[in-house]
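Topology and contacts: notes
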Amino acid sequence: MEQNTERKKVIFSGIQPTGVFTLGNYLGAIKNWKELQEDYNCIFSVVDLHAITVRQDPAALRKQTLDSVALLLASGIDPQKSVLFMQSHNSAHAELSWVLSCYTQFGELSRMTQFKDKSQRHADNINAGLFTYPVLMAADILLYKTDLVPVGVDQKQHLELARNIAERFNGVYGNVFTVPEPYIPKISAKVMSLADPEKKMSKSDENINGFISLLDDRDTIIRKFKRAVTDSDTCVRYAEGKSGINNLMSIYSSVSGKDFAAIEKEFEGKGYGDFKLCVGECVADALAPIREEFAKLSKDKAYLMSVCSEGAQFARRLSRRTLEKVYHKVGFVKAEN
Ligand code: TYM
């Protein structure tokens, strides 16, 4: 990445390596990352530290982390333009997270809806990391003087907390942190499950028909769209109470670039069957090049590691300044070696 941090605004975002990314991850986040890297200084991280808040198989996590890097590159993240690294390769994240946890209230963390959801789903493992997860996320963002954080809407509450922590810390110690703004897409900020359009599309869904994985083949994608749950109406239009169709229209709009009015016109007089097939084909066409590129890249571990090593070096360099400032502000004695 060019070192013109002074002029361009800084973008940071992360993604958990807990499985193959879904169409939700792609439309809610990754697609925007790709577009933003043209105009901003972008830093993207595969957040393996976050992933272990839920029990992971170590060998599988290692593979998924490398695959995640390959998938981001295949999706268009360009290491010449953006910094890409594995979160555990920069220890500053864990270090700042500890400091910030001393400036975060128990009550604030208790209100996080993701914590409530996940502790219900993993009732046998409600660990402290699951609870303090948003503090680590705040550290990720604040380390890099981030201006903008491109995420799906499910991360909005975490981002608001990061802003509150930054403002609180700045209130005590002066201007240490940049207070970040969320960057949430207008369409597809929350892609819903194809099997249950009241639920978010998620890679951890037990029902594989609910989500499109970025590595699903063409036939699978089309089959899943054909089976997508809709309603008893027959007319393709965006309206209250039509969550299944609204979701398909949003997906189609994000992928094709057509607005809702154009889509409604395109399917005037046609049924849901035609519409679902068309959305399926459009998504399959969009994902095919990603799958092909992934097949090549995922075999080249040396290349993936070289991208991440360079990314981590850059990330360490950038974040060291923030961490040193924070350590000084809170009253730690500077190490002499
Ligand atoms: P994660 O790994 O769950 O998801 C990565 C990104 O994908 C978005 N996303 C969606 N967008 C639209 N519709 C969906 N169905 C959908 N599912 C997921 C998420 O909003 C996210 O942008 N805590 C974060 C990772 C993280 C992070 C950060 C993000 C760690 N540190 C710092 C930003 C900044 C997470 O679990 O995302």
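For the structure, see preceding data.
Residues numbered from 1 in each chain as written. Predicted model: local features only at pLDDT ≥ 70, side-chain atom pairs only at ≥ 80, totals over all residues. Heavy atoms only, no water.

Attention now goes to the overall build of the protein. Helix and strand content of the protein: 13 helices and 5 strands. Taking 337 residues into account, the globule formula puts the C-alpha radius of gyration at 20 Å, and the protein, at 21 Å, falls close to it. Overall, the C-alpha framework of the protein stretches about 75 × 45 × 40 Å when taken along its three principal axes. Residues classed as buried in the protein amount to 50% of the 337 residues present. (Helix = DSSP H or I, 4+ residues; strand = E, 2+ residues; numbered from the N terminus. Rg over C-alpha atoms; globule rule 2.2 N^0.38 Å. Buried < 20%, exposed > 50% of the residue type's maximum accessible area, 1.4 Å probe, protein only.)

We now examine the pairing of strand β2 (residues 41-46). A large share of β2 lies buried, amounting to 6 of its 6 residues. Looking at chain direction, strand β1 (residues 10-15) and β2 are connected through 6 bridges and run parallel. The residue of β2 that forms the bridge with Ile15 is Val46. Taking the sense of rotation as the criterion, the β-α-β connection linking β1, helix α1 (residues 23-36) and β2 turns out right-handed. Summarising the sheet, β2 and strand β3 (residues 82-86) pair through 5 bridges and their orientation is parallel. Directly across from Val46, in β3, lies its bridge partner Met86. (Pairing = 2+ DSSP bridges. Right-handed = clockwise from strand over helix to strand, strands pointing away.)

Throughout the structure, instances matching the rule amount to 14 aromatic pairs. Plain terms: the ring middles of Phe106 and Phe131 are 5.0 Å apart, the flat faces sit at 45° to each other, and that makes the pair tilted. Placement of the pair is Phe106 in helix α5 (residues 106-110) and Phe131 in helix α7 (residues 128-142), with a sequence separation of 25 residues. Look at Tyr252 and Phe267: their rings are 6.2 Å apart centre to centre, the planes differ by 70°, and that puts the pair in the edge-to-face class. Here Tyr252 is found in helix α10 (residues 243-256), whereas its partner Phe267 is found in the loop between α11 (260-266) and α12 (272-297), with 15 residues between them in sequence. An identical accessibility class is assigned to Tyr252 and Phe267; each is buried. When the ring centre of Phe211 is taken as origin, the NZ or CZ atom of Lys224, which lies over that ring, is 5.1 Å away. (Phe/Tyr/Trp six-rings, centres within 6.5 Å; stacked < 30°, edge-to-face > 60°. Lys NZ or Arg CZ within 6 Å of the ring centre and 35° of its normal.)

Moving on, we get to the site of the ligand. The ligand sits among 27 residues. The nearest are Tyr133, Asp140, Gly152, Asp154 and Val191. In the model, an oxygen atom of the ligand is placed 3.1 Å from a nitrogen or oxygen of the Asn25 side chain. A distance of 2.6 Å is found between a nitrogen atom of the ligand and a side-chain nitrogen or oxygen belonging to Tyr133. Burial of the ligand by the protein amounts to 97% of the accessible area it has alone, namely 710 Å². Contributing elements (two or more residues each) for the shell around the ligand: β1, α1 and α7. Taken together, the residues of the shell around the ligand sort by class into 12 nonpolar, 10 polar and 5 charged. (Near = heavy atom within 4 Å. Polar contact = N/O pair within 3.5 Å; in protein donor to acceptor, adjacent residues only side chain to side chain. Areas by Shrake-Rupley, 256 points an atom, 1.4 Å probe, with all protein chains shown as cover. Nonpolar A, V, L, I, M, F, W, Y, C, P; charged D, E, K, R; others polar.)

Moving on: the pattern of salt bridges. Counted under the stated rule, the structure contains 16 salt bridges. The shortest N-O distance in the salt bridge between Lys242 and Asp231 comes to 3.5 Å. Remark: Asp231 occurs in the loop between α9 (218-226) and α10 and Lys242 occurs in the loop between α9 and α10; sequence separation between them is 11 residues. Judged by its relative accessible area of 25%, Asp231 is partly exposed. Its salt-bridge partner being Glu266, residue Lys258 comes within 3.1 Å of it at the nearest N-O pair. A relative accessible area of 28% means that Glu266 is categorised as partly exposed. (Salt bridge = Lys/Arg side-chain N within 4 Å of Asp/Glu carboxyl O.)

Soluble globular proteins tend to bury their nonpolar side chains together. Among the nonpolar cores identified, the biggest contains 55 residues, and Leu23, Leu72, Ile212, Phe225, Ile251, Phe275 and Val283 are the most heavily contacted of them. The element contributing the most residues to this core is α12, with 11 residues. Dropping the residues within four chain positions of it, Phe225 is found in contact with Leu23, Leu194, Ile212, Leu248, Ile251, Lys276, Val279, Gly280 and Val283. Listed in part, the 41 residues of the second largest apolar core include Val10, Phe85, Met137 and Val151. (Core = buried A, V, L, I, M, F, W, Y, C linked by side-chain atoms within 4.5 Å. Contact = heavy atoms within 4.5 Å.)

Relative to the helices and strands, Ser193 is located in the loop between β5 (181-183) and α9. Judged by relative accessible area, Ser193 falls into the buried class, the value being 1%. At 2.9 Å, the side chain of Ser193 and the backbone nitrogen of Asp196 are in polar contact. For Ser193, the residues in contact, after removing those within four places along its chain, are Lys199, Lys200, Met201, Asp205, Gly210 and Asn247.

Next up on the list: empty space enclosed by the protein. Empty space left among the atoms is revealed by rolling a probe the size of a water molecule over them. Applying the stated criterion to the full structure yields 2 cavities of 30 Å³ or more. Taken as a whole, the largest cavity spans an internal volume of roughly 40 Å³. Met112, Gln114, Phe115, Lys118, Leu130, Tyr133, Pro134 and His158 together form the lining of the largest cavity. Every element with two or more residues in the lining of the largest cavity is listed here: α6 (113-121) and α7. Tallied by class, the residues present in the lining of the largest cavity amount to 5 nonpolar, 2 polar and 1 charged. By volume, the second largest cavity amounts to about 30 Å³. (1 Å grid on protein atoms, 1.4 Å probe; cavity = no way out; pocket = protein on both sides within 12 Å on 5 of 7 lines; lining within 4 Å. Points joined across faces, edges and corners; volume = space filled by probe spheres on them.)

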